[in-house]
Amino acid sequence: MDAEKAARLREIERRLLWLACWTIHNANHLREKDRVKVGGHQASSASMVSIMTALYFHALRPEDRVAVKPHAGPVFHAIQYLMGNQTREKLEAFRGWGGAQSYPSRTKDVDDVDFSTGSVGLGVAITAFAALVQDYLAAKPWAARRPLGRMVALVGDAELDEGNVYECLQEGWKHDLRNVWWVIDYNRQSLDGVVREGLWRRVEAVFEAFGWDVVRLKYGALQRAAFAEPGGERLKAWIDACPNDDYSALVYQGGAAWRRRLMDDIADQGAATALLERRSDAELARLMENLGGHCVETLADAFDAVTHDRPTVFLAYTVKGWGTPLAGHKDNHSGLMTPAQMAEFQRAMGVPDGAEWAPLAGVDDAEGLRAFLDRAPFFAAGRRRFAAARVATPGPVALEETEISTQAAFGKILDALARDESPLAERIVTTAPDVTVSTNLGAWVNRRGLFARDARADVFREARIPSAQKWRFDRQGQHVELGIAEMNLFLLLGAAGLSHSLFGERLLPVGTVYDPFVARGLDALNYACYQDARFMIVGTPSGVTLAPEGGAHQSIGAPLIGMSQDGLASFEPAFADETALIMDWAFDYMQRDGEGDPRFLEDHERTWLRDETGGSVYLRLSTLPLEQPRRRLAGASAQGVIDGAYWLREPGPNAEVVIAYQGVVAPHAIEAAGRLGEDRRDVGVLAVTSADRLNAGWTAAQRARRRGLSGALAHVERLLAPLPRHCTLITVIDGHPATLAWLGAVEGHRTIALGVEHFGQTGRVSELHRHFGVDADAIVGAAASVSRGRPVRHLKAL
């Protein structure tokens, strides 16, 4: 690198260090009156300044995408501010209401965030799956030709404690991962102290085992020059042997401490002594802090040297708190400079009083630096978020089976779509963590194939060995097979669900997983939704209805996850026609962006749901075949399936009992209603397809009424308002009873909530349903125990 460019990068480095530390200091100062400590991260930000300078202003191109480690958020915002993509008002309100977010957020920040970060380890791994999605798109003839970018993660060394990182590495190896860079901020400190000695050896060994190139950036240009001097080999040997905690403590203590220690350890009354004596205390401190991760020339040269597409990890040695009075101290993670320290830091940075927010304050040649910034390749194309056209849905797939499970219906619907050469079908990409066949994706995969950049034959098929599966791998395949790691599943769904924004091409990702194991990937599911990724997740089989599998595979709380997860519309249909309606709606919902479509105004006033904004969809399905109703869903009933509930049996004006069910227990509810009908008046059956959407609409309507919109009524309020006050609601679900228990609060009806609260066991479906009290006998018994009237004649002993 030429000297002029290196000098410019060092100027940028100083500006970013100042702006990041000032932003944090200002945020804490403004909130002192609230006695709330906003938090530090001045030290964590400082350790990343050199790395981010070399990347953003030298190495990156517009097609590259970056996941910034959470605690480097202030540096990211400072970069965007410097380039005009962030406002002073947002920085002044950092970590406050309406301000720049603590950790970069695609949905909450105004600057050009590629991947949200915050839950450590997930931002690291999603870059690998984004690279896989980029390869998937590059292989498809309908996708526009774009330059392949590098997916870059800025990684805190403590993030390597997260298990999902290693699950990702293994999956990446399986899929011949390429175009991924991880830059590890190896400052050897975590939140609570100094990391274990010798970690770098383990890190390098792990990455090499999975086929990554490893680039170790331990020494900066000053150190390498010193090593070349007489006596320099002794200094290098001492640095290599120095324990992490010793090095950190000496950094904090400064030049005089470095001199005392080095004179004691390596002084030889000869060349090594002379090397030390040629430098002042300040120069010696600068030399010892000049690790590879704080030398923009070293970093830029290392990035330039990687001209291939193999996955590469850069182990960049840094000092936490570099360039600040907090450097090296083991407690500096949440530390903040005192006002006196900040004033001295401001003086050292050359920032005049009153010019703290000036982007180029203290720069001698501001015009020249601005011209250099304007030529930075990464920012040349402006904001790098794309948009993609919506793909029309063909309408619900009609199934003619008289008895079928919702899981089997899901498979048949996808199979029907696979036979159709529609734009929708070509944009669907499916994935599963080693449960493709057992979640009924087999027919789709047989027709559409599995994705791989390099074709692999189906050995069984070539050998003429009979098999129901046609496992053909090639570039046109539309299924990505994953190993058993649910975190990887949701990270891939998250990356594919952002393809329209990251790569300008619409994908409709569909993932399947056994329903209880949604919880195993819950952090990554939440992370994907927080980024506003768009996908369909199918949890199947579910509940204790998966009777022979036992408690380990029987989900209980999954419906509550679906209700509580923001950005995810949760459904649990009972019948195939409901499943078809929901899936067709879901493929459209996944593509909505809230851009003023008048079609959704009527929907909003009917349900008070934010359907115009779109989101992801969760289907909770079952393997239990049910007899299908002879009907053609249309009108209010069809709309009710989408809105969350409809009357399967509308109650009369004097209804004494209404049974509200969700999912696979539908036959029990229908049977119980028939038995109760002889002894209780006007019994109704409410088919709930989405407790999530019913509840969300209800709470939204209540908020609207509090704001003065007195006529706001939710769908569930319209359904239940006609019921007489003495009517009893019996709710039932193969899941936690709290899923539907709240229905009584809508209009003040007495409610008995039936469901599953404890771990299941093996057995027949009828035995499990009877044991947990979700069968017809339990429903009838519950109604008989609380509703007035003569004894129920068809009540069996429980």
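Placed above this text is the structure.
These lines cover the structure that appears in this document, whether it is placed above or below. In this text the structure is predicted, and so the values were computed from the model without any measurement.

1. Examining the pattern of salt bridges
Stage number 1. Across all of its chains, the model carries 46 salt bridges by this definition.
Stage number 2. When the shortest N-O distance is used, the salt bridge between Arg 384 and Asp 114 registers 2.7 Å. Taken together, the residues span a long stretch of sequence, with Arg 384 in the loop between helix H16 (366-374) and strand E8 (403-404) and Asp 114 in the loop between helix H4 (88-92) and helix H5 (122-138) at a distance of 270 residues.
Stage number 3. Glu 717 serves as the salt-bridge partner of Arg 705, at 2.7 Å between the closest nitrogen and oxygen. Of the two residues, Arg 705 sits in helix H29 (residues 691-706) while Glu 717 sits in helix H30 (residues 715-720), which places them 12 residues apart along the sequence.
Stage number 4. Among the residues examined, Glu 717 registers a relative accessible area of 5% and is labelled buried.
Stage number 5. Residues participating in the shared-partner salt-bridge network are Asp 135, Asp 176, Arg 178, Asp 309 and Arg 453.

2. Looking at the layout of surface pockets
Over the atoms, a rolling probe the size of a water molecule traces out where space has been left empty.
Stage number 1. Here the largest pocket is characterised by a volume of approximately 1300 Å³.
Stage number 2. Along its surface, the largest pocket is lined by 46 residues, and Asp 532, Arg 534, Gly 567, Thr 613 and Gly 614 are the ones closest to its centre.
Stage number 3. At the level of elements, helix H22 (499-502), helix H23 (522-530), strand E15 (568-571) and H29 are the ones that each hand at least two residues to the lining of the largest pocket.
Stage number 4. Among the elements that line the lining of the largest pocket, the one with the most residues is H29, at 7 residues.

3. Considering the side chain of Arg 150
Stage number 1. Residue placement: Arg 150 occurs in the loop between H5 and strand E2 (151-156).
Stage number 2. Buried within the structure, Arg 150 lacks any salt-bridge partner; its nearest side chain of opposite charge belongs to Asp 64, at an N-O separation of 5.7 Å.
Stage number 3. If sequence neighbours within four positions are ignored, Arg 150 has contacts with Asp 64, Arg 65, Asn 179, Trp 181, Val 306, Thr 307 and His 308.

4. What about a nonpolar patch on the surface?
Stage number 1. On the surface, a nonpolar cluster with roughly 290 Å² of combined accessible area is contributed by Val 459, Phe 460 and Ile 465.
Stage number 2. Along the polypeptide, Phe 460 turns up in helix H20 (residues 459-462).
Stage number 3. Given the relative accessible area of 48%, Phe 460 is considered partly exposed.

5. Considerations on the sheet that holds strand E22 (residues 750-754)
Stage number 1. Pairing in this open sheet of 5 strands is mixed, and the strands run E18-E20-E19-E21-E22 from one edge to the other. The sheet terminates laterally at strand E18 (645-649) and E22, the two strands that pair on one side only. Adjacent strand axes in the sheet meet at a mean angle of 25° when their direction is disregarded.

6. Quick notes on the packing of aromatic side chains
Stage number 1. A full pass over the atoms with the stated rule returns 24 aromatic pairs.
Stage number 2. Each ring, one from Tyr 186 and one from Tyr 317, has its centre 4.9 Å from the other, and the planes form 85°; the classification is edge-to-face. Taken together, the positions of Tyr 186 in strand E3 (residues 180-186) and Tyr 317 in strand E7 (residues 312-317) put the pair 131 residues apart, joining distant regions of the chain. Taken as a pair, Tyr 186 and Tyr 317 share a single burial class, namely buried.
Stage number 3. Plain terms: the ring middles of Phe 571 and Trp 585 are 5.5 Å apart, the flat faces sit at 70° to each other, and that makes the pair edge-to-face. Note that Phe 571 is positioned in strand E15 and Trp 585 in helix H25 (residues 576-589), a separation of 14 residues in sequence.
Stage number 4. On the accessibility criterion, Phe 571 (1% relative accessible area) is buried.

7. Some remarks on the state of the cysteines
A covalent bond between the sulfur atoms of two cysteines is referred to as a disulfide.
Stage number 1. For the structure shown, the criterion picks out 0 disulfides.
Stage number 2. Just so you know, Cys 168 is unpaired, no disulfide at all, and the nearest cysteine sulfur is the one on Cys 529, 19 Å from it.
Stage number 3. With relative accessibility at 1%, the residue Cys 168 sits in the buried group.

8. Some thoughts on the packing of H5 against helix H21 (residues 486-496)
Angle between the axes and distance between the axes are the two parameters that describe a pair of packed helices.
Stage number 1. At a minimum axis separation of 8 Å, H5 and H21 run at an interaxial angle of 60°. Here H5 is positioned oblique relative to H21, judged by the angle of their axes. Relative to H21, the crossing made by H5 is right-handed. Together, Leu 122, Ala 125, Ile 126, Phe 129, Ala 130, Leu 132 and Val 133 of H5 and Met 487, Asn 488, Leu 491, Leu 492, Gly 494, Ala 495 and Ala 496 of H21 make up the contact between the two elements.
Stage number 2. Broken down by class, the residue content of the contact of H5 with H21 amounts to 12 nonpolar, 2 polar and no charged.

9. Details of the pairing of strand E16 (residues 616-620)
Stage number 1. The buried count for E16 comes to 5 of 5 residues, which makes it a mostly enclosed element.
Stage number 2. Alternating positions in E16 separate into two faces, Ser 616, Tyr 618 and Arg 620 on one and Val 617 and Leu 619 on the other, with burial throughout.
Stage number 3. Judged from the 4 bridges that link them, strand E14 (residues 536-539) and E16 form a sheet pairing that is parallel. Looking across to E16, one finds that Ile 537 is bridged to Tyr 618.

Cut-offs applied
- Residues numbered from 1 in each chain as written.
- Predicted model: local features only at pLDDT ≥ 70, side-chain atom pairs only at ≥ 80, totals over all residues.
- Heavy atoms only, no water.
- Salt bridge = Lys/Arg side-chain N within 4 Å of Asp/Glu carboxyl O.
- Helix = DSSP H or I, 4+ residues; strand = E, 2+ residues; numbered from the N terminus.
- Buried < 20%, exposed > 50% of the residue type's maximum accessible area, 1.4 Å probe, protein only.
- 1 Å grid on protein atoms, 1.4 Å probe; cavity = no way out; pocket = protein on both sides within 12 Å on 5 of 7 lines; lining within 4 Å.
- Points joined across faces, edges and corners; volume = space filled by probe spheres on them.
- Lys, Arg positive; Asp, Glu negative; His and termini not counted.
- Contact = heavy atoms within 4.5 Å.
- Patch = residues over 30% accessible without salt bridge, like charges linked within 9 Å, V, L, I, M, F, W, Y side chains within 5 Å.
- Areas by Shrake-Rupley, 256 points an atom, 1.4 Å probe, with all protein chains shown as cover.
- Pairing = 2+ DSSP bridges.
- Axes fitted to C-alpha atoms, helices over the stretch in contact; angles between N-to-C directions.
- Phe/Tyr/Trp six-rings, centres within 6.5 Å; stacked < 30°, edge-to-face > 60°.
- Disulfide = S-S within 2.5 Å.
- Parallel < 35°, antiparallel > 145°, perpendicular 65-115°, else oblique.
- Left-handed = near helix turned anticlockwise from the far one by under 90°.
- Nonpolar A, V, L, I, M, F, W, Y, C, P; charged D, E, K, R; others polar.

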